[in-house]
Amino acid sequence: MDEKLRTSDDWLKNWRASIAVKITAAVLYVVVFVGFAVAVLALRDVEENLKNEYTSEADLFSFMIQEDLKGIPVLSPFAVESIVRSHFLSFHFSAVAVTVDQQRTLVGSPPDKAFMLMRTPHVEDPELRTALRVVALELFFPPLHDTVKTRRNRFLITTGLATLFFGFFLTWVIRKFITRPFQTLVNATKAVSEGNLALRLDTDREDEFGYLGGFFNQMLDQIMKELSERKQAEERLSGYARELQESNKELKTFAYIASHDLRTPLVNMKGFAGELRFAIREINAVMNDVLPSLDENNRTRLVTAFLKDVPEALGFIDSSAGRMEELINAISKLSLLGRQELKTELIQVQTIVKSALRDLQLVIEKKGIKVNIGPLPEICADRNSLRMIFGSILDNAVKYLRPGVPGEIEITAEKAPDGTVFSIRDNGRGIPNEEIYKVFEMFRRIGEQDKPGEGVGLACVKTLVRRHGGRIWCESTPGAGTTFHFTIPENAGLPDQALG
Amino acid sequence: MSERTFRLILGGTLLLLLFWERLDVLYVYIGIVAFEGLTNLRIPVLISRLRYGRAYLDPAECVVGTHKYDFDAERVLRLVIVVFLVVSLFVFPKSLWFFPWFVGFALFMAGITGICPMAMLIKKLGFK
């Protein structure tokens, strides 16, 4: 694991932010409260205890002096003083005054306000062996009040320091076992959020942090796997997009070639057909002179060939060439629509619809078609394209009405997540379900072919809608009518919306 | 100077004065803390103004939100310290001999940890 992740001392700069410090502080305050409660109880009888301690010391000292005096040959003040001096340093008192037969000697220096205790050990005179000699000991202890205070202060300072060290130790322990793994996890999460997905945590620990580290690593593995899969998919997708663009480009080139290069032989074909017709007329003029010289059989064959078969063939050539010209024009138109630059602007759709309806005014009035226009929004699109879209769909709606049924056309719009959905509903013939998928295909005409047309209109509409980044579909019930829906997105016509 | 540092100094000084039994200096100590509490001329703020100029704002002035009392929690804390010390040192010195020590340790720890239970309690009570 990265060393940087392992050791972070941010908590030193901001103690309040550290969990270790918070826990330690809480524990320390509890310890201080408890410590003080104990201290108050422990130091409550300190004065009494000290008095008892001094009394015990005085008794012991007196007893020791008494025992030592038994062993000396002559009881003199000097001997007593030397015995007192030999034991003096082992006790807590500051000074001792020894009085032997009213002769007083002072050992040590008594402090101000000293606490004094008096003892008179029972001493036999070694020389007389019977007579009792009077020995008095005055023991001067440090002032009681001062000693009590000193003891309290020492106790409290020791407790305080112990608490402080305990606190530091606790902080260290919590930091080592809780804060540091947390900090590591925080740093790792930050690094991941900054994009370092190759990072992994230690999973050696056998506690919750170990598990957490394990799951964290597992999560990163999963994310990396998914990212790699997504990247591969994106690469595949961009490959497909490139291929699609290439094939689209080829298709456009093909459409361009088809519409331009096929036109030349077609013109030639029509021109030479005209030439042939002219030649036939010339032959016909000559034929009247020639026919009488031919026998019946040959005359019939010649007349059939020049007056019937050849004009008929020329008629077929003309109509086929005309049809082919129409197809080439349609391809050319579609190719142009796919290539032309869209000039998007803010358009009142109501105006466009009304303009398209104006072109069909005569037919609408003649057939008595009722047209309902709902509230239509203002959108951003190419004016000409939108005009063609509405014009073509409305033209179909007007064309394919049911005979004997008053026509009704309704144009509405509504907001959708992917833009504005326009709907054009009619009550015409409808489209059979099995053929509905062909509606937007080029040169496909559905149902009864009783109206003129090349089958390109809806293909062009689809191209224009697609170029705006929208989609088009239709719903139909045979004998009841058809509804065409198409969407125009908010940012229609932007370069990334159109494919090619 | 932050309030936390000041608490650390305040607590440490109190403990030393108690240990050395310098009652005369303790009078001055209590006087300074009482002056801070009564006038709101707090030493940490004054020192910070000396360091950063007069534009330095008292953090308590920048507290946003609604408060029950328009009185700084830090001022109340100082007044509480003064009351505790006066009561324990001069009114009931025998029975409350331990209390100044407790105040000293509590201040010292508040300085070390940055967490002062008394200040938290005062703020909980509605002071700014």
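Structure report, in brief. (Residues numbered from 1 in each chain as written. Chains lettered and ligands numbered in written order. Predicted model: local features only at pLDDT ≥ 70, side-chain atom pairs only at ≥ 80, totals over all residues. Heavy atoms only, no water.)

1. Details of the overall build of chain B
Scanning chain B for helices and strands turns up 6 helices and 0 strands. Reading chain B from its N end, one meets helices and strands in the order α-α-α-α-α-α. Across the 128 residues that make up chain B, the buried fraction comes to 47%. Sequence-distant contacts, at least 24 apart, represent 73% of the contacts inside chain B between residues at least 6 apart. Carbon and sulfur atoms make up 71% of the accessible area of chain B, which amounts to about 6,900 Å² in all. (Helix = DSSP H or I, 4+ residues; strand = E, 2+ residues; numbered from the N terminus. Buried < 20%, exposed > 50% of the residue type's maximum accessible area, 1.4 Å probe, protein only. Contact = heavy atoms within 4.5 Å. Areas by Shrake-Rupley, 256 points an atom, 1.4 Å probe, with all protein chains shown as cover.)

2. A look at the overall build of chain A
Helix and strand counts for chain A come out as 13 helices and 12 strands. In chain A, buried positions account for 35% of the 500 residues. For chain A, restricting intrachain contacts to residue pairs at least 6 apart in sequence, the fraction spanning at least 24 positions comes to 69%. Working note: accessible area of chain A is about 29,700 Å², and carbon and sulfur atoms make up 58% of it.

3. What about the interface of chain A and chain B?
Between chain A and chain B, the contact holds 20 residues from the first and 19 residues from the second. Linking chain A with chain B are 1 salt bridge, by the criterion used here. Note that Glu21(B) is salt-bridged to Lys149(A), the shortest N-O span being 3.9 Å. On inspection of chain A and its partner chain B, the count reaches 3 residue pairs in polar contact (both at pLDDT 80 or more). Secondary-structure elements contributing two or more residues to the side of chain A that touches chain B are α3 (19-42) and α6 (144-193) of chain A. Here the element with the most residues in the side of chain A that touches chain B is α3(A); it accounts for 10 residues. Taken together, the residues of the side of chain A that touches chain B break down into 14 nonpolar, 2 polar and 4 charged. (Salt bridge = Lys/Arg side-chain N within 4 Å of Asp/Glu carboxyl O. Polar contact = N/O pair within 3.5 Å; in protein donor to acceptor, adjacent residues only side chain to side chain. Nonpolar A, V, L, I, M, F, W, Y, C, P; charged D, E, K, R; others polar.)

4. Let's talk about empty space enclosed by the protein
All names here are of chain B. Enumeration over the complete set of coordinates arrives at 2 cavities of 30 Å³ or more. Volume-wise, the second largest cavity comes out at about 30 Å³. Phe6, Arg7, Leu10, Glu74, Leu77, Arg78 and Ile81 are the residues that line the second largest cavity. Per-class residue counts for the lining of the second largest cavity are 4 nonpolar, no polar and 3 charged. (1 Å grid on protein atoms, 1.4 Å probe; cavity = no way out; pocket = protein on both sides within 12 Å on 5 of 7 lines; lining within 4 Å. Points joined across faces, edges and corners; volume = space filled by probe spheres on them.)

5. Concerning the packing of aromatic side chains
Inspection of every chain in the model, using the stated rule, returns 19 aromatic pairs over all chains. On the basis of an interplanar angle of 40 degrees and a centroid distance of 5.5 Å, the ring pair of Tyr54(A) and Phe115(A) is categorised as tilted. Note that Tyr54(A) is positioned in helix α4 (residues 46-70) and Phe115(A) in strand β3 (residues 115-119), a separation of 61 residues in sequence. Considering the side-chain rings of Phe422(A) and Phe486(A), the 5.3 Å spacing of their centres and the 25 degrees angle between planes classify their relative orientation as stacked. Separated by 64 residues along the polypeptide, Phe422(A) in strand β10 (residues 419-426) and Phe486(A) in strand β12 (residues 481-488) bring together distant segments of the chain. Cation over ring: Arg152(A) sits above Trp97(B), and NZ or CZ is 4.3 Å from the ring centre. One Lys or Arg, Lys176(A), reaches over the ring of Phe177(A) and ends 5.8 Å from the middle of that ring. (Phe/Tyr/Trp six-rings, centres within 6.5 Å; stacked < 30°, edge-to-face > 60°. Lys NZ or Arg CZ within 6 Å of the ring centre and 35° of its normal.)

6. Concerning the nonpolar core
The biggest cluster of nonpolar side chains holds 42 residues, and the ones touching the most others in it are Leu386(A), Phe390(A), Ile393(A), Leu394(A), Ile411(A) and Phe486(A). Each residue touching Phe390(A), except ones within four places of it in the same chain, is listed here: Val349(A), Ile352(A), Val353(A), Ala356(A), Ile411(A), Phe422(A), Ile424(A) and Phe486(A). Counting residues in each nonpolar core, the second largest holds 41 residues, with Tyr29(A), Leu156(A), Ala34(B) and Ile81(B) among its members. (Core = buried A, V, L, I, M, F, W, Y, C linked by side-chain atoms within 4.5 Å.)

7. A word on the pairing of β12(A)
All names here are of chain A. Burial within β12 is extensive, with 8 of its 8 residues counted as buried. The two faces of β12 match: Gly481, Thr483, His485 and Thr487 on one face and Thr482, Phe484, Phe486 and Ile488 on the other face are all buried. Pairing of β10 with β12 involves 6 bridges; the strand directions are antiparallel. Among the inter-strand pairings, Phe422 is bridged to a residue of β12, identified as Phe486. From the end of strand β11 (residues 472-477) to the start of β12, which pair antiparallel, there are 3 residues, and Gly479 there has a positive phi angle of about 85 degrees. (Pairing = 2+ DSSP bridges.)

8. What about helix α13 (residues 457-467) of chain A?
All names here are of chain A. Burial analysis of α13 places 8 of its 11 residues in the buried class, the great majority of the element. For α13, the complete set of buried residues consists of Leu458, Ala459, Cys460, Val461, Thr463, Leu464, Val465 and Arg467. Along its buried surface, α13 packs onto α9 (296-339), α12 (383-399), β11 and β12. Downstream of α13 by one or two residues, Gly469 has phi in the positive range, about 85 degrees.

9. Let's talk about the sheet that holds β11(A)
Residues and elements named next belong to chain A. Spatially, 5 strands are ordered β7-β9-β10-β12-β11 in an open sheet, and the strand pairing comes out mixed. Edge positions in the sheet fall to β7 (370-373) and β11, since each of these pairs with one other strand and no more. Geometrically, the sheet is characterised by an average inter-axis angle of 15 degrees between neighbouring strands, direction not taken into account. (Axes fitted to C-alpha atoms, helices over the stretch in contact; angles between N-to-C directions.)

10. Concerning unusual backbone geometry
All names here are of chain B. With a phi angle near 55 degrees, Glu21 is a residue other than glycine that sits in the positive phi range. Looking at the element boundaries, Glu21 is found in the loop between α1 (3-20) and α2 (23-39). Of the residues examined, Glu21 reaches a relative accessible area of 38% and is grouped as partly exposed. Unlike most non-glycine residues, Asn40 shows phi in positive territory, near 65 degrees.

11. What to know about the pairing of strand β2 (residues 103-108) of chain A
Looking along a regular strand, one sees side chains alternate from face to face of the sheet. Residue and element names in this part refer to chain A. The pairing of strand β1 (residues 95-100) with β2 spans 6 bridges and is antiparallel. Note on β2: the bridge partner recorded for Val96 is Val107. Counted along the chain from β1 to the antiparallel partner β2, the turn is 2 residues long, and its residue Asp101 has a positive phi close to 50 degrees.

12. A word on a nonpolar patch on the surface
All names here are of chain B. Judged by side-chain polarity, Leu23, Tyr27, Val28, Ile32, Val86, Phe90, Val91 and Phe92 come together as a nonpolar surface patch covering roughly 700 Å² of accessible area. Elements with a contribution of two residues or more to the nonpolar patch: α2 and α4 (73-91). Looking at which element gives the most residues to the nonpolar patch, the answer is α2, with 4 residues. Positionally, Phe90 belongs in helix α4. For Phe90, a relative accessible area of 35% puts it in the partly exposed group. (Patch = residues over 30% accessible without salt bridge, like charges linked within 9 Å, V, L, I, M, F, W, Y side chains within 5 Å.)

13. What to know about the environment of Ile81(B)
Residues and elements named next belong to chain B. Considering the arrangement of structural elements, one finds Ile81 in helix α4. Classification of Ile81 as buried rests on a relative accessible area of 5%. Residues within four places of Ile81 in sequence aside, it is in contact with Leu10, Val33, Val103 and Leu107.

14. Points about the side chain of Ser476(A)
Residue and element names in this part refer to chain A. Mapped onto the fold, Ser476 is located in strand β11. By relative accessible area, Ser476 is classed as buried at 12%. A polar contact of 2.7 Å, which involves the side chain of Ser476, links it to the backbone nitrogen of Ile431. At a separation of 3.0 Å, a polar atom in the side chain of Ser476 contacts the side chain of Thr482.

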